[in-house]
Amino acid sequence: MTTTFQLTRRELQSATRKSGIMIPVYGALVLGIMMSTLFGASGTRVVPTVVTCVLGVAAVEFGIRRSIKRSASLIDTPWTVRITERGFGLTTGVSHSEVDWSAYARVTSKAGFWYLRQPNRAAVILPQRAFTEAQRAELTAFFAARFPAGKRAG
């Protein structure tokens with residue numbers, strides 16, 4: 001199966017935020033606020049911790065936006081994806097790669113994207129809108145067969 005699409009900056013930002021990578025970062029910030037609230041002396045540590053956590057969230061968001069800006073050459077050109085029984089191929093305006101399915105640990109589906117995840121947590125983002133309804137159904141079945149239960153697209 002082959003399809004060509006072009007990601008928008010908004011899609012890339014949305015996919016990055018919803019990828020699950022940000023959950024530990026935000027979890028740590030919330031935990032910091034809770035710990036300061038519970039163990040701070042008369043609230044003296046609460047304000048600096050809350051300010052630090054808010055600045056932490058702003059820094060994460062800034063990092064996402066900066067990373068996407070640096071990746072402009074990737075999203076300013078169409079992507080061609082080729083999915084075969086053997087592996088996954090991706091061609092952009094600046095690169096071409098073909099990767100065997102054994103390099104991927106799992107495939108997840110969230111908010112209109114498939115995330116093809118490698119063991120090191122790196123992920124390839126595929127917008128589901130790039131595929132027809134029949135192709136989406138075929139890919140969902142393919143991923144379910146390719147990856148064990150609990151590690152597949154849902």
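About the criteria used
- Along each chain, residue indices are assigned from 1 in the same order as the chain's sequence is written.
- Local features in a predicted model are, by the rule used here, given only for residues with pLDDT of at least 70; side-chain atom pairs are given and counted only at 80 or more, and totals for whole chains, interfaces and linings are based on all residues.
- The basis for every side-chain value is the complete set of heavy atoms in the structure, and neither hydrogens nor water enter the calculation.
- In this text, helices come from DSSP runs of H or I with a minimum length of four residues, and strands from runs of E with a minimum of two, each type numbered from the N-terminal end.
- Here, expected helix span is obtained from the residue count minus one, scaled by 1.5 Å.
- Exposure categories follow from relative accessible area, calculated using a 1.4 Å probe and restricted to protein chains: below 20% of the type maximum is buried, above 50% is exposed, and the middle band is partly exposed.
- Regarding the arc, it is the one traced by the directions from the helix axis to the C-beta atoms.
- The contact criterion used is simple: two residues touch if any of their non-hydrogen atoms lie within 4.5 Å.
- Basic side-chain nitrogens of Lys or Arg form a salt bridge, by our definition, when they fall within 4 Å of a carboxyl oxygen of Asp or Glu.
- At least two bridges found by DSSP between two strands is the condition for calling them paired.
- Buried residues of nine kinds, namely Ala, Val, Leu, Ile, Met, Phe, Trp, Tyr and Cys, make up a nonpolar core once their side-chain atoms join them within 4.5 Å.
- In protein, a polar contact requires one atom able to donate a hydrogen and another able to accept it; more generally it is a pair of N or O atoms within 3.5 Å, and residues adjacent in sequence count only if both atoms are side-chain atoms.

A. Seen up close, helix α5 (residues 133-146). The terminal C-alpha atoms of α5 lie 20 Å apart, and with 14 residues this matches the ideal 20 Å at 1.5 Å per residue to within 8%. Residues of α5 that are buried: Gln 135, Leu 139, Phe 142 and Phe 143. Angularly, the buried residues of α5 cover 95° about the axis, an arc narrow enough to put them on a single face. Those residues of α5 that are exposed and angled more than 90 degrees off the buried face are Glu 133, Ala 134 and Ala 145. As for α5, its buried residues are in contact with β1 (2-5), β2 (79-83), β5 (106-110) and β6 (113-117).

B. Structural detail: the pattern of salt bridges. Following the criterion strictly, the structure yields one salt bridge and no others. Across the salt bridge formed by Arg 146 and Glu 85, the nearest N and O atoms sit 3.4 Å from each other. Taken together, the residues Arg 146 in helix α5 and Glu 85 in the loop between β2 and β3 (87-91) connect sequence positions 61 residues apart. Residue classification places Arg 146 among the partly exposed residues on the basis of a relative accessible area of 31%.

C. The arrangement of the pairing of β1 in detail. Residues Thr 3 and Phe 5 of β1 are buried on one face, while the alternating residues Thr 2 and Thr 4, pointing to the opposite face, are not. As judged from the four bridges shared by β1 and β2, these two strands associate in the antiparallel manner. Among the inter-strand pairings, Thr 4 is bridged to a residue of β2, identified as Thr 80.

D. Main features of the nonpolar core. Ile 83, Phe 88, Trp 101, Trp 114, Leu 116, Leu 126 and Phe 143 are the most contacted members of the largest nonpolar core, which totals 20 residues. Where this core is concerned, the elements lending two or more residues are β2, β3, β6, β7 (123-127) and α5.

E. Structural detail: the side chain of Thr 108. Following the sequence through the fold, Thr 108 ends up in strand β5. Its relative accessible area of 18% is what places Thr 108 among the buried residues. A polar side-chain atom of Thr 108 sits 3.5 Å from a polar atom in the side chain of Arg 117.

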